[in-house]
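Here's the letter readout for the chains.
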Amino acid sequence: MLPGYTRLTSRWFDESGDRDQLTLPGIEELYGAARNDRAQALALLQMADLGIDDVVIDQEKRNRVSLVHRSANERVLLDFAAESEGTRTWFKLIGPVLTALKHGSLLLFDELAASLHPTLSSQLIRLFQDPATNPRGAQLVFTSHDTSLLNHLNRDEVWLTEKTEDGATRLGALADFAGERVRKSQNLEKAYLHGRFGALPDVDRTDVLRALGLIG
């Protein structure tokens, strides 16, 4: 995650008024209570079903971020640093995502699905695919090793990387690896894992066991 993403997301939760106003009717439609930018950010945070009710920004402590968790009988304030990696990752994504949707800009992520449940990753992709939540045509470009995300992408949205014999990395469109047009009805994840498109790691289990000294 790029430096400063936590700070960028914090601005969306800041109640001081020192931030740009955002109007995205699509997110309001999907998440109901999102009547302003802070509510939209909170709606995305709560979409992860992490048991988080609110976000507190303590400006007297250099904008220290704490998340308010709900329990059976009380609400518990937990410092951001004490949150799980998955929660911190999702929180950091919110600011850049809402900013990109607002301005119709390009958003780049390396290893999008790292520390995220596949369901959250797919929902994030959907925000950019749906004209209701992306009326300005923002684009999301990301890398991932999570093959399940192939089922949430169109054929022309997928590019694969493959190591060549000389150690270089080749980047090509999915159809190029397939050698022919990919059928719309094809299960892309299943086809990829079966070697239909190449671009799979070449792992020889026998060589691994021999290197570990487990076989002769």
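Residues numbered from 1 in each chain as written. Predicted model: local features only at pLDDT ≥ 70, side-chain atom pairs only at ≥ 80, totals over all residues. Heavy atoms only, no water.

Looking now at the overall build of the protein chain. Counting its regular elements, the protein chain contains eight helices and seven strands. Each of the 216 residues in the protein chain was classed as buried or not, and the buried ones make up 39%. Sequence separation of 24 or more characterises 50% of the internal contacts of the protein chain that already satisfy a separation of 6 or more. In the form shown here, the protein chain has an accessible surface area of approximately 13100 Å², with 48% of it arising from carbon and sulfur atoms. (Helix = DSSP H or I, 4+ residues; strand = E, 2+ residues; numbered from the N terminus. Buried < 20%, exposed > 50% of the residue type's maximum accessible area, 1.4 Å probe, protein only. Contact = heavy atoms within 4.5 Å. Areas by Shrake-Rupley, 256 points an atom, 1.4 Å probe, with all protein chains shown as cover.)

To continue, consider the packing of aromatic side chains. Under the definition given, this model contains one aromatic pair. With a centroid separation of 5.1 Å and an interplanar angle of 55 degrees, the aromatic rings of Phe80 and Phe91 are classed as tilted. Of the two residues, Phe80 is situated in the loop between strand E3 (75-79) and helix H4 (85-103) and Phe91 in helix H4; the sequence distance between them amounts to eleven residues. The exposure class of Phe80 is buried, given its relative accessible area of 11%. (Phe/Tyr/Trp six-rings, centres within 6.5 Å; stacked < 30°, edge-to-face > 60°.)

This brings us to the sheet that holds strand E1 (residues 52-58). Strand order in the open sheet formed by three strands is E1-E2-E3, and the pairing between neighbours is antiparallel. One side of each edge strand has no neighbouring strand; the edge strands of this open sheet are E1 and E3. Here the average twist between neighbouring strands, direction ignored, is 25 degrees. Here E1 pairs with strand E2 (residues 64-70) via six bridges, running antiparallel. Looking across to E2, one finds that Val56 is bridged to Ser66. Running at roughly 130 degrees to E1, helix H3 (residues 37-47) makes contact with E1 and E2 of the sheet. (Pairing = 2+ DSSP bridges. Axes fitted to C-alpha atoms, helices over the stretch in contact; angles between N-to-C directions.)

Moving on, we come to helix H5 (residues 118-129). Helix length check: H5, at twelve residues, gives a terminal C-alpha distance of 16 Å against a target of 16 Å (1.5 Å per residue), a fit within 8%. Listed in full, the buried residues belonging to H5 are Leu120, Ser121, Ser122, Leu124, Ile125, Leu127 and Phe128. (Expected span 1.5 Å × (residues − 1).)

Turning next to the pairing of strand E5 (residues 139-142). A regular strand places its side chains so that they alternate between the two faces of the sheet. Side-chain alternation along E5 places Leu140 and Phe142 on a buried face and Gln139 and Val141 on a face that remains uncovered. Note: strand E4 (residues 106-109) against E5, four bridges, orientation parallel. Among the inter-strand pairings, Leu106 is bridged to a residue of E5, identified as Gln139. Regarding topology, H5 serves as the crossover connection from E4 to the parallel E5, and that connection is right-handed. (Right-handed = clockwise from strand over helix to strand, strands pointing away.)

Per-residue confidence for the protein chain gives a mean pLDDT of 79, with 80% of residues at or over 70. Averaged over each element, pLDDT in the protein chain is lowest for helix H2 (residues 25-31) (40) and highest for E5 (95). In the model, residues 17-35 has pLDDT below 50 throughout and makes 46 contacts with residues more than four positions away in sequence or in other chains. (pLDDT = per-residue confidence, 0-100.)

Now for the nonpolar core. Judged by nonpolar contacts, the single largest core of 44 residues is most densely connected at Leu45, Trp90 and Phe128. If you list the elements that add at least two residues to this core, you get H3, E1, E2, H4, E4, H5, E5 and helix H7 (188-193). Contact partners of Phe128, with chain neighbours within four places excluded, come to Val97, Ala100, Leu101, Leu107, Asn134, Ala138, Gln139 and Leu140. (Core = buried A, V, L, I, M, F, W, Y, C linked by side-chain atoms within 4.5 Å.)

Let's shift gears to the pairing of strand E7 (residues 169-173). Sheet analysis places strand E6 (residues 159-163) next to E7, joined by five bridges and oriented antiparallel. Looking across to E7, one finds that Leu160 is bridged to Gly172.

Here the focus is the pattern of salt bridges. This model, assessed by the stated rule, comprises six salt bridges. Where Glu162 meets Arg170, a salt bridge forms, and the shortest distance between an N and an O atom there is 2.8 Å. When salt bridges that share partners are traced, they join Asp53, Arg70 and Arg75 into one network. (Salt bridge = Lys/Arg side-chain N within 4 Å of Asp/Glu carboxyl O.)

Together, Val203, Val208, Leu212, Leu214 and Ile215 line one region of the surface with nonpolar side chains, adding up to about 480 Å² of accessible area. Among the structural elements, Leu212 can be located in the segment after helix H8 (205-211). On the basis of relative accessibility, which here comes to 59%, the residue Leu212 falls in the exposed class. (Patch = residues over 30% accessible without salt bridge, like charges linked within 9 Å, V, L, I, M, F, W, Y side chains within 5 Å.)

Another point: the side chain of Ser66. As for its placement among the helices and strands, Ser66 is situated in strand E2. Contacts of Ser66, omitting those with residues within four sequence positions, involve Asp54, Val55, Val56, Leu77, Leu78, Asp79 and Phe80.

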